[in-house]
Amino acid sequence: MTQSVAENEDDLLTLMFMLCGGMATGMFSFGVLLIPVRNWMVQYHLLAAGDEVVIPFVDGIGFGWPQIIVVAGLILVLVALIVASRRRARDRV
């Protein structure tokens, strides 16, 4: 038994709504599971809390200046490694 195009579109639309609803529910549950990880990151100064926060994420927790400097340094190192590997690949050809 074949379905019409309209029935296929309705089925696809229903599937998309179910997928979005499931993802939204899963995202909420996943966020609740991350609370101990967030607390651990604040304890070991991987994230800043309180007045030290410059870029807030949630609940007064985010990046302070030391974290921003470390992330910027990591990005610079990554860019330098990419440039070096591109130059090395270009020199081989």
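Above this note sits the structure.
Residues numbered from 1 in each chain as written. Predicted model: local features only at pLDDT ≥ 70, side-chain atom pairs only at ≥ 80, totals over all residues. Heavy atoms only, no water.

As paired elements, strand β2 (residues 55-58) and strand β3 (residues 61-63) share three bridges and run antiparallel to each other. Residue pairing across strands places isoleucine 55 opposite phenylalanine 63, the latter belonging to β3. Counting the residues in the hairpin turn of β2 and β3 gives two residues, including aspartate 59, whose phi is positive at 50°. (Pairing = 2+ DSSP bridges. Helix = DSSP H or I, 4+ residues; strand = E, 2+ residues; numbered from the N terminus.)

Time to look at the sheet that holds β2. The three strands are arranged β1-β3-β2 in an open sheet whose pairing can be described as antiparallel. At either end of the open sheet lies a strand with only one pairing partner, and these are β1 (48-49) and β2. With two bridges connecting them, β1 and β3 associate as antiparallel partners. Note that in β3 the partner of alanine 48 across the bridge is glycine 62.

Let us now look at the packing of aromatic side chains. Note on aromatic pairs: each is described by the distance of the centres and the angle between the planes. Overall, the coordinates contain two aromatic pairs when judged by the stated rule. Where tryptophan 40 meets tyrosine 44, the ring centres are 5.4 Å apart and the plane angle is 50°; that geometry is what we call tilted. Of the residues examined, tyrosine 44 reaches a relative accessible area of 48% and is grouped as partly exposed. With a centroid separation of 5.0 Å and 70° between ring planes, the pair formed by phenylalanine 57 and phenylalanine 63 is classed as edge-to-face. (Phe/Tyr/Trp six-rings, centres within 6.5 Å; stacked < 30°, edge-to-face > 60°. Buried < 20%, exposed > 50% of the residue type's maximum accessible area, 1.4 Å probe, protein only.)

Taken as a whole, this structure holds one salt bridge when the rule is applied. Note that aspartate 59 and arginine 38 form a salt bridge whose closest N and O atoms lie 3.4 Å from each other. Of this pair, aspartate 59 sits in the loop between β2 and β3 while arginine 38 sits in helix α2 (residues 35-43), and the two are 21 residues apart along the sequence. (Salt bridge = Lys/Arg side-chain N within 4 Å of Asp/Glu carboxyl O.)

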